[in-house]
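Structural overview
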Amino acid sequence: MNLDTLTAPEPVNSLAEQQNAAMETILVIDDDPVLLKTVESILRRRNYRVVKADCGTSGLEQASVCKPNLILLDCMMPDMLGYDVCRQLRKNRMFDDIPIIFLTGKTTASAKAEAFEVGGADYIIKPVDTVDLTSRIKTHIELARSRSRLRQQSWQLEQLLELQSQRLEEVRSGQERLLVDPASFTQIKTAVRFQPAYEAGGDFYDIVKLGPESYGLIVADVAGHDLGTAYLTGALKALVASFTNDSLTVQETMMMLNSSLNKFLAEDQYATVCYLKYNTSDNTINIVSAGHPGPVLQKNKQKPEQVVLCGDVLGMHEVVNCDSVNLQMEEGDRLFLFSDGLIESYPDQNGITGNRTIGLNNLMKQIENAQSATITHAVDTLVRDLIQNCEALIDDDIVLMGIEF
C-alpha cells in the first residue's frame, strides 16, 4: 500500500495532552492492524486525535464514547460490513453530521453507490494515497464544521424570529384592545371588520358617545406598515378621545388632530381620517374627510353611491382644509366607511391590484348584493369575499365600518 510507514510518535506530555483534547478526533474502523497503525501515524503527524477500532462492533462502541469529528470505515470486516455499521450510525441523530469516509478495495460502481446510499460522505479506494486521504479528511471536517455553524445560526435565527413574533403578537393584542366593540353601542346599528395585513397595522377606527343622542364614528389610516406605525395608532386613539365632542364641529376636530399630529409625526408620516357625527334624534350626520376615501351611501336599498369629499391629510401641513357634508338619513339607509386598503386590494382582470376605481366599483356592487343581509353579516361578507378574491394576498390593512339607520 502507498502509505507512510512512520514509527508511532513518542508519548506526549501533559501539556500536549491538553492541546490534543481540542483536536479533531478521527475514528478509524478497520480489521487490518497494519493499516490501522499506518493511518494512525499519518493522522497524528497532522495533529489529529486518532481512535482505533478493529471491527464493526467495536467501532460502534467507540463512536458513542469518543464522538468523533470524522470516521474512516472499511467496507469488508468479518463481524459486520461497513455498510451496516454506517446504517447503524445514521440511525442515531448524534451522528447525523459526522462525515463517514469509506476505505475499501472494492471498485465496482454498485459498491460505491451502496456506500453513498447508506450515508457515506466519500469513497476512497485502497491502496490509499497519503495526500489524497489527508486532503479529503480536511475538506470533510471543514464542511461539517460549516454545517454545524449554519445549523447553530439557523437555530439562533429561529429563536430570534420566535421572540420577535411574540413581541409583535403583544403589539397586535395591545392594538386590538384599543378598538371598541360596536356591539356595546346598543342605540346604533353598526358593525366593523378590522383586518390587519401584518401582525400590527396602521389602520384605526373608533366609536365615541358624544352626548345623550349623538355619536362620533371615525376610520383612520396612519401611513406605513412598520412597528412604529402601530404605536402611532395608540397616540391617535388618545387624540380622538380628546377632540371628538359635541362642542367641536367636524372640521374643528380635524384641525385639532392635525395640530397635535404635527408635533410628533416624522416628515414623511401622515394620517388620513374620515369622521362623522351622528345625531340619533333627527337621523342627521355630518361627515368630514382628511385625505381619506369618502364613504359609500346606500339609500334604502337603492344603488350605492360614494359621498365625494376632499381634504388635506393630517400631520404634514400647519393648516388643513377639509370638506364636510350634511346628510339626512332615513330608516333603512346604510353608510359604509372604509380604509383605502379595501378598495386598493381588489384585483383587475389581469390580477393587478391598486386601481381604486375598480376597487370602488367592486365594493359598491358587493354592497348592493348584500343589501338584504344584516349590517353585521354584510360587513363580514364584504371583507371575507375580498380576501377570498385576492387569495389572502393583501398587503394593506383593511377597516370596514357599516352603519344602518
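It should be noted that the structure appears before, not after, this text.
A brief report on the enclosed structure follows.

1. A closer look at the overall build of the chain
- Within the chain, the secondary structure is distributed over 11 helices and 15 strands.
- Across the 405 residues of the chain, 47% fall into the buried class.
- Total accessible area on the chain stands at roughly 20400 Å², and carbon and sulfur atoms take up 49% of it.

2. Here we look at the environment of Ala-223
- Secondary-structure assignment places Ala-223 in the loop between strand E8 (214-222) and helix H7 (227-243).
- Of the residues examined, Ala-223 reaches a relative accessible area of 21% and is grouped as partly exposed.
- Considering only alpha carbons, one finds Ala-223 and Ala-271, 48 residues apart in sequence, at a separation of 6.0 Å.

3. A word on helix H3 (residues 56-66)
- Of all the residues in H3, the buried ones are Gly-56, Ser-58, Gly-59, Ala-63 and Cys-66. Taken end-on, H3 shows its buried residues confined to a sector of 150°, consistent with a single buried face. Along H3, exposed side chains directed more than 90 degrees from the buried face belong to Glu-61 and Val-65.
- Looking at the buried positions of H3, the neighbouring elements they touch are strand E1 (25-29), strand E2 (49-53) and helix H4 (82-91).

4. Re the pairing of strand E9 (residues 271-279)
- The element E9 is extensively covered by neighbouring structure, given that 8 of its 9 residues are classed as buried.
- Examined bridge by bridge, E9 and strand E10 (residues 284-290) share 6 bridges and lie antiparallel to one another. Across the sheet, Tyr-278 pairs through a bridge with Ile-285, a residue of E10.
- Hairpin connection between E9 and E10: a loop of 4 residues separates the two successive antiparallel strands, and Asn-283 in this loop has a positive phi of roughly 60°.

5. Considerations on the side chain of Thr-272
- Within the fold, Thr-272 resides in strand E9.
- Owing to a relative accessible area of 9%, Thr-272 belongs among the buried residues under this scheme.
- Reaching out from Thr-272, the side chain makes a polar contact with the side chain of His-292 at a distance of 2.8 Å.
- If sequence neighbours within four positions are ignored, Thr-272 has contacts with Val-219, Ala-220, Asp-221, Ala-290, Gly-291, His-292 and Val-313.

The rules behind the values
- Residues numbered from 1 in each chain as written.
- Predicted model: local features only at pLDDT ≥ 70, side-chain atom pairs only at ≥ 80, totals over all residues.
- Heavy atoms only, no water.
- Helix = DSSP H or I, 4+ residues; strand = E, 2+ residues; numbered from the N terminus.
- Buried < 20%, exposed > 50% of the residue type's maximum accessible area, 1.4 Å probe, protein only.
- Areas by Shrake-Rupley, 256 points an atom, 1.4 Å probe, with all protein chains shown as cover.
- Arc of directions from axis to C-beta.
- Contact = heavy atoms within 4.5 Å.
- Pairing = 2+ DSSP bridges.
- Polar contact = N/O pair within 3.5 Å; in protein donor to acceptor, adjacent residues only side chain to side chain.

Don't take any of this as a statement about function, it's just geometry.
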